Every structure is written in structure tokens, then in C-alpha cells.
Amino acid sequence: LASPRLDALTEFQGKLTQEGLGRVDASVSSVLTLTTALLVAGVVVALVLAVSIIRSVTRPIQQAVSIADHIANGDLTQRIVVSSRDETGQLLAAMQKMQNALSNLVNSVRQDAEGVATASAQIAQGNTDLSSRTEQQASALEETSASMEEMGSTASQNADNARQASQLAASASSVAVQGGEVVNQVVQTMRDINDRVRYVHTVEEELHRLLAE
């Protein structure tokens, strides 16, 4: 009698064990399914975040590169919008300041060039006036010489005519000296413009070097 009961108990325990193993297998399968689903969801979320981060970084960089190209080509009219305070925002802000500085420098050089053009026109007009006065003085000298030859008998009148000719020559010399001073000022202004143009080229080269780094 003990043996059949023992067999029955053993069989019952076996059934319980099989049921427990089945439940464990089901639980493990559920855990694996849930884990797989969470991993897939995590990968999808990671990809979405990665794409968003990449776009948030690459778009301002592309904008900065485009603006730098326009500045390098001499276009200082690009509208730079700074929408963040991170590194890319700081880069765009620095480029905005640089563009404004270059624009002010170009305007200053343009104004200086216009001033030089005005001064050149004034110099040309002054040279024309000087030439006309010189011709008039030469004519006056010729007339004076003819008068001196005609009035050779009057020594005092010849001396007066000579003094007048000397005054005219001194006036012409003074005008020539003033013209030379104006030319020197124009030369100095052109040197200043050349120095500013070199500064603009130096800024552009520094910008290209920073972008290359």
C-alpha cells in the first residue's frame, strides 16, 4: 500500500514540477519579449534623439559656413540670426560681430575713397587754374618785356616793370608750393586706404584659418 501512495505522490510532485517549469518558461518568455520590446523602443528613441541632436548641430554649422562663404566673396548683407547660447550660437554671434565690423570698415574705406576722389577733382581744378594763371602770367611777362623794349629810354619805368614781374613769379611759386602740399596729402590718404585694405585681407585670412581649424 505504501508503494502506490508513494508513486502517486511522486507523480503529483512531478506534475507540480512540470507546471512550475511551464510557468517559469512562460515568465522567462514574457520577460524576454518585454526586454526585446524595450530594447527596440530604446534604440528607436536613441536614433530619434541622435538625428535631432545632429540636425541641431549641423544646421547652425552649415549656416555659419554659408555666411563665411558670402563674407569671403565680399557679400556683407547676409542676415545672421542667433537663436541659441551654445557653441554654435556663440560662433554665429561672433560672425555677426565680424560682419558688422567689416561692413563699417568697408563703409569707412568707401567714404575715404570718395574724399580722395573729391580731393583729386579739386587738385585737377587747381592745376587747371594754375595753368591758366601761368599762361596769363607768361602773357603778362611777354607784354611787360615788349613794353620794356619800347620804353627802353625810361630806366625807372623798366625797374617798376621788373618788380611787378618778380611779384608775379613769387605768386606762381607760392601756388605751386600749395599744390605740392595737396598732392602730399593725397598720397598719405592713398597710403591709409592701402593699409585698411590690407587689414581687410588680414581679417579674411584669419577667418578662413579659424574655419579651417
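It should be noted that the structure appears before, not after, this text.
Novice: I keep staring at the overall build of the protein chain and nothing clicks. Help me out?
Specialist: Regarding its fold elements, the protein chain presents 3 helices and 0 strands. Put simply, the protein chain runs from its N terminus to its C terminus through helices and strands in the order α-α-α. Taken across its 213 residues, the protein chain has 13% of its residues classed as buried. Across the protein chain, contacts joining residues at least 24 apart in sequence account for 69% of those joining residues at least 6 apart. For the protein chain, the accessible area works out to roughly 15800 Å², and carbon and sulfur atoms hold 57% of it.

Novice: I'm lost on the environment of Glu87 in this one. Help?
Specialist: Mapped onto the elements, Glu87 comes out in helix α2 (residues 87-150). As a C-alpha pair, Glu87 and Val57 span 30 residues in sequence and 9.3 Å in three-dimensional space.

Novice: Quick question: what am I supposed to make of a nonpolar patch on the surface here?
Specialist: A cluster of nonpolar residues, Val45, Leu49, Ile53, Val57, Ile61, Val65 and Leu91, forms a patch on the protein surface that exposes about 560 Å² of accessible area. At 6 residues, the largest contribution of residues to the nonpolar patch is made by helix α1 (residues 2-72). Relative to the helices and strands, Ile61 is located in helix α1.

Novice: Help me out: how do you make sense of the nonpolar core in this one?
Specialist: What tends to happen in soluble globular proteins is that the nonpolar side chains get buried as a cluster. Ala64, Ile67, Ala68, Ile71, Ile80, Leu92, Met95, Met98, Leu102, Val203 and Leu207 form the largest nonpolar core, which has 11 residues in total. Other than its neighbours up to four places away in sequence, Ile80 contacts Ile67, Leu92, Met95, Gln96 and Gln99. Core analysis: the second largest hydrophobic core is formed by 5 residues, Leu105, Val109, Ile193 and Val200 among them.

Novice: What is the right way to look at the environment of Asp75 in this model?
Specialist: Relative to the elements of secondary structure, Asp75 occurs in the loop between α1 and α2. It is 9.4 Å that separates the C-alpha atoms of Asp75 and Ser103, two residues lying 28 residues apart in sequence. When residues no more than four places from it in sequence are discounted, the contact partners of Asp75 are His70 and Gln99.

About the thresholds
Residues numbered from 1 in each chain as written. Predicted model: local features only at pLDDT ≥ 70, side-chain atom pairs only at ≥ 80, totals over all residues. Heavy atoms only, no water. Helix = DSSP H or I, 4+ residues; strand = E, 2+ residues; numbered from the N terminus. Buried < 20%, exposed > 50% of the residue type's maximum accessible area, 1.4 Å probe, protein only. Contact = heavy atoms within 4.5 Å. Areas by Shrake-Rupley, 256 points an atom, 1.4 Å probe, with all protein chains shown as cover. Patch = residues over 30% accessible without salt bridge, like charges linked within 9 Å, V, L, I, M, F, W, Y side chains within 5 Å. Salt bridge = Lys/Arg side-chain N within 4 Å of Asp/Glu carboxyl O. Core = buried A, V, L, I, M, F, W, Y, C linked by side-chain atoms within 4.5 Å.

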